[in-house]
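Summary of the model geometry
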Amino acid sequence: MISTMRPSKPLIALLSTAIFSFAKRSTTRAEALSSSISRQQSIERPAMSGSGRSTFMVRAVALDLDGTLCDSDGNVGDVTVAALTRFVREGGRCIIATGRGIDFSTVIAKGLRERGLEIDGLVVSDGGLVLGKNSNSKNSSWDQQYHCSMPCGKSLAPIVEQISREMPAASFAADMDGEILISSSNYFDLVREHNLYFFNKMLSDKKPMPLDFMPRLEASMRIAWMRVLHPTISTEQLRTRVNEIVELHHQKATLESETRVPLDVASSTLRLGPTGAITVRSVDNDKRVGLAVIAKEWGLDPQEFLAFGDAQNDLGMFRWAGKSVCPANALDCAKSLATEISPLTNNEGFIADTLRRNCGWEALVD
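Quick notes on the rules
Residues numbered from 1 in each chain as written. Predicted model: local features only at pLDDT ≥ 70, side-chain atom pairs only at ≥ 80, totals over all residues. Heavy atoms only, no water. Buried < 20%, exposed > 50% of the residue type's maximum accessible area, 1.4 Å probe, protein only. Helix = DSSP H or I, 4+ residues; strand = E, 2+ residues; numbered from the N terminus. Pairing = 2+ DSSP bridges. Salt bridge = Lys/Arg side-chain N within 4 Å of Asp/Glu carboxyl O. Axes fitted to C-alpha atoms, helices over the stretch in contact; angles between N-to-C directions. Parallel < 35°, antiparallel > 145°, perpendicular 65-115°, else oblique. Left-handed = near helix turned anticlockwise from the far one by under 90°. Contact = heavy atoms within 4.5 Å. Nonpolar A, V, L, I, M, F, W, Y, C, P; charged D, E, K, R; others polar. Phe/Tyr/Trp six-rings, centres within 6.5 Å; stacked < 30°, edge-to-face > 60°. Lys NZ or Arg CZ within 6 Å of the ring centre and 35° of its normal.

Section: the pairing of strand β11 (residues 305–308)
- Residues of β11 alternate between two faces, with F305 and A307 on one and L306 and F308 on the opposite face, all of them buried.
- Relative to β11, strand β1 (residues 60–63) runs parallel, the two being bridged by 4 bridges. Bridge assignment links V61 to a residue of β11, and that residue is L306.
- Across 3 bridges, β11 lies against strand β12 (residues 323–326) in parallel orientation. What sits directly across from F308, in β12, is V325.

A word on the pattern of salt bridges
- Applying the stated criterion to the full structure yields 20 salt bridges.
- The salt bridge involving D189 is made with R192; its shortest N-O contact spans 3.1 Å. On the criterion of helical spacing, the pair formed by D189 and R192 is a turn pair, its members being 3 residues apart in helix α6 (residues 185–194).
- Where R356 meets D353, a salt bridge forms, and the shortest distance between an N and an O atom there is 2.9 Å. Remark: D353 and R356 occur in helix α13 (residues 350–359); sequence separation between them is 3 residues, near one turn of the helix.
- Overall, the relative accessible area of 28% leaves R356 in the partly exposed class.
- Three or more residues joined by partner-sharing salt bridges are found here, namely R93, R113, E118, D120 and K133.

Structural notes on the packing of helix α5 (residues 153–166) against helix α9 (residues 235–255)
- Closest axis-to-axis distance for the α5/α9 pair is 10 Å, and the angle between their directions is 135 degrees. By the angle between their directions, the pair α5 and α9 is classed as oblique. The two elements α5 and α9 meet at a crossing, and its hand is right-handed. Contacts from P158, I159, Q162, I163 and E166 of α5 reach α9 at R241, V242, I245, V246 and H249.
- Among the residues forming the contact of α5 with α9, the class breakdown is 6 nonpolar, 2 polar and 2 charged.

Quick look at the packing of aromatic side chains
- Counting across every chain of the model gives 4 aromatic pairs.
- With 5.7 Å between their ring centres and 75 degrees between their planes, F308 and F350 make a pair best called edge-to-face. With F308 in strand β11 and F350 in helix α13, this residue pair connects regions lying 42 residues apart in the sequence.
- Taking the relative accessible area as the measure of exposure, F308 reaches 0% and is therefore buried.
- Here F350 falls in the buried class, since its relative accessible area comes to 1%.
- For the cation-ring pair, R100 lies above F104, with the distance from its terminal atom to the ring centre recorded as 3.8 Å.
- Its end group placed over the ring of W225, R227 keeps NZ or CZ at 4.9 Å from the ring centre.

So yeah, pure geometry; function would need other evidence.
See the structure below:
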């Protein structure tokens, strides 16, 4: 026989308490799980803009200039400026990362500011100098120095003197405090003969300074790079001997308890046929080093950076950044390392197209 006896009131109270306690624990676990998922999403997903659309997952973009941000005529297209301005408006930050010196880079940054795009940081001279703005004001200048790994001119002058004694036909160019100076007409002649494109783009407005080159070198506080050319000695032979000279002077400085910036002697990326061409610079000159300094200053992670570049001096930041993109007409070395090769060239707005696709924008403008 089935009992029809009802449960007592104490038993009902006990069951109600247990059910309420179980429900409360379940709700607490659900809330904790929801909170955990929310925190995970806040890390993995971008913040929302005022329009309700998600901003780009990457928090900062590093922009090479020549062959990347600038087109073949040296201009920055309107579509590119519009896309980067929108990226900044939605919470992103833009950094110029270039082999160019501070003067040229500042001119570009000021020109972009006049068009509505604010550049927050400058990594110039391939990471040899890193600058930020001295305030959050849109009109502030980029004079907050975060990092400098460049040697002073006095440390390079004895090296230049010894190279000149041993190899009288050698000619020099150097970025001295942001200004490029050239030692003799021989340098111009070699570049004009073997790389007319580079000559017209970079040297056509310059003149040799045979009398002023050494005094200016010795007085310079920051040497971003120095290039050495020789008409009859191969690049490898020139690199080997100059490296020996650099090492001798470094050892001498060590014995005399002088502090010297370690130097790297490498084959120049400037192609001049049979002409020997090398570059001397700090071993720490790398865009990767400069961007790492900015990331630390701003509290960002390398994975939050998107690097745009097209050439050999961009490889360091390609390895460092969370994502890297090069244009369709980039050098093979950049294409081999970039995480994405755009179907568009730097003349076709590849940066804007990349941001549109990665940000989920339906159009490049709101």
